[in-house]
Amino acid sequence: MKRLLVAVSAIAILTAAPVAAQEVDRVAINGIIDQGLNHSEVMQTAAHLTDRIGGRMTNSPQMREAERWTQQRFRDWGLSNVRAEGFEFGRGWSIVRSSVRMTAPRPIDLRAIPIAWTPSTDGVVSGGVIVAPITSAGQFDQWRGRLRGKIVMITRPDTGSEPTEAPFRRLTDEELAGRIPYVQPLQ
């Protein structure tokens with residue numbers, strides 16, 4: 001994948017302007033390809049940001065950690081005047097932990113994701129569940145007085161998306177014979 005991305009980038013650079021109007025610097029192009037194929041840190045960088053720091057909403061602690069880490073990486077690579085530009089946004093939010101367990105009619109752990117900026121609870125919350133499909137502020141009035149003390153689901157549970165067929169299948173000999181074989185182009 002990395003090699004494909006570098007090759008596509010090199011082709012894009014070569015075809016950006018008509019060849020007749022410019023002289024192609026093959027040494028520079030080969031240097032770019034060499035950097036991409038043999039010295040790239042894109043996968044390690046992406047892995048750190050996604051796997052170590054993780055998802056990050058605007059103004060969250062994870063966003064600030066990603067900013068600090070990225071700024072330090074830029075400095076390590078020799079860039080100067082590295083800084084974060086401030087902007088008005090408001091308060092941040094992040095999930096530390098979220099768990100849901102149904103206790104009746106049978107115990108079962110459920111998967112649930114809180115809506116962003118939902119305040120935390122002060123410990124365990126128990127209550128009856130009510131489905132109140134609210135999609136606009138105007139719909140709150142029809143639920144007034146019926147939600148207190150309830151655990152409110154604002155979307156209806158769906159049936160899931162279990163596939164009906166296997167994602168892959170083995171081709172038959174006849175199907176394989178009908179395929180056009182790939183021929184490696186001569187260099």
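Here, every reference points to the structure presented above.
Residues numbered from 1 in each chain as written. Predicted model: local features only at pLDDT ≥ 70, side-chain atom pairs only at ≥ 80, totals over all residues. Heavy atoms only, no water.

Bringing the overall build of the chain into the picture now. A tally of helices and strands in the chain yields five helices and four strands. Ordered by position from the N terminus, the helices and strands of the chain form the series α-α-α-α-β-β-β-β-α. Going through the 187 residues of the chain one by one, you find that 11% of them count as buried. For the chain, restricting intrachain contacts to residue pairs at least 6 apart in sequence, the fraction spanning at least 24 positions comes to 37%. (Helix = DSSP H or I, 4+ residues; strand = E, 2+ residues; numbered from the N terminus. Buried < 20%, exposed > 50% of the residue type's maximum accessible area, 1.4 Å probe, protein only. Contact = heavy atoms within 4.5 Å.)

What follows concerns the packing of helix H3 (residues 42-53) against helix H4 (residues 61-76). Closest axis-to-axis distance for the H3/H4 pair is 11 Å, and the angle between their directions is 155°. Taken together, the axes of H3 and H4 lie roughly antiparallel to each other. Note on packing geometry: the crossing formed by H3 with H4 is right-handed. Here H3 contributes Thr45, His48, Leu49 and Ile53 to the contact with H4, which in turn contributes Gln62, Glu65, Ala66, Trp69, Thr70 and Arg73. Tallied by class, the residues present in the contact of H3 with H4 amount to four nonpolar, four polar and two charged. (Axes fitted to C-alpha atoms, helices over the stretch in contact; angles between N-to-C directions. Parallel < 35°, antiparallel > 145°, perpendicular 65-115°, else oblique. Left-handed = near helix turned anticlockwise from the far one by under 90°. Nonpolar A, V, L, I, M, F, W, Y, C, P; charged D, E, K, R; others polar.)

Now for a nonpolar patch on the surface. Residues Val125, Val129, Ile151 and Met153 make up a contiguous nonpolar surface patch of roughly 320 Å² in combined accessible area. Examined against the element boundaries, Met153 turns out to sit in strand E4 (residues 151-153). Assessed through its relative accessible area of 33%, Met153 is described here as partly exposed. (Patch = residues over 30% accessible without salt bridge, like charges linked within 9 Å, V, L, I, M, F, W, Y side chains within 5 Å. Areas by Shrake-Rupley, 256 points an atom, 1.4 Å probe, with all protein chains shown as cover. Salt bridge = Lys/Arg side-chain N within 4 Å of Asp/Glu carboxyl O.)

Attention now moves to the packing of aromatic side chains. Evaluated as defined, the whole model comprises four aromatic pairs. Seen in terms of ring centroids, Phe87 and Phe89 are 6.5 Å apart; in terms of plane orientation they differ by 70°. Their pairing is edge-to-face. The exposure class of Phe87 is partly exposed, given its relative accessible area of 45%. The interplanar angle of 40° and the centroid separation of 6.2 Å between the aromatic rings of Phe89 and Trp117 together place this pair among those described as tilted. Of this pair, Phe89 sits in the loop between H4 and strand E1 (100-102) while Trp117 sits in the loop between strand E2 (108-110) and strand E3 (129-131); the two residues are 28 residues apart in sequence, bridging distant segments of the chain. (Phe/Tyr/Trp six-rings, centres within 6.5 Å; stacked < 30°, edge-to-face > 60°.)

Attention now moves to the side chain of Ser60. Here Ser60 shows up in the loop between H3 and H4. Apart from residues no more than four positions distant in its own chain, Ser60 is found in contact with Gly92, Trp93 and Ser94.

Attention now goes to H4. In this model, H4 (16 residues) spans 23 Å end to end at C-alpha, consistent with the 22 Å of a helix rising 1.5 Å per residue. Residues of H4 that are buried: Gln62, Met63, Ala66 and Gln71. Viewed end-on, H4 has its buried residues packed into an arc of 170°, placing them on one side of the element. Facing away from the buried side of H4, by more than 90 degrees, are the exposed residues Pro61, Arg68 and Asp76. The secondary structure elements touched by the buried residues of H4 are H3. Immediately downstream of H4, the backbone of Gly78 shows phi near 95°, a positive value. (Expected span 1.5 Å × (residues − 1). Arc of directions from axis to C-beta.)

Attention shifts here to the pattern of salt bridges. Taken as a whole and judged by the stated rule, the model has six salt bridges. With a closest N to O distance of 3.0 Å, Glu85 and Arg83 form a salt bridge. Both residues of the pair, Glu85 and Arg83, belong to the exposed class. Among the ionic pairs, Arg169 bridges to Glu175, the shortest N-O distance being 2.9 Å. Assessed through its relative accessible area of 58%, Arg169 is described here as exposed. What makes Glu175 partly exposed here is its relative accessible area of 31%.

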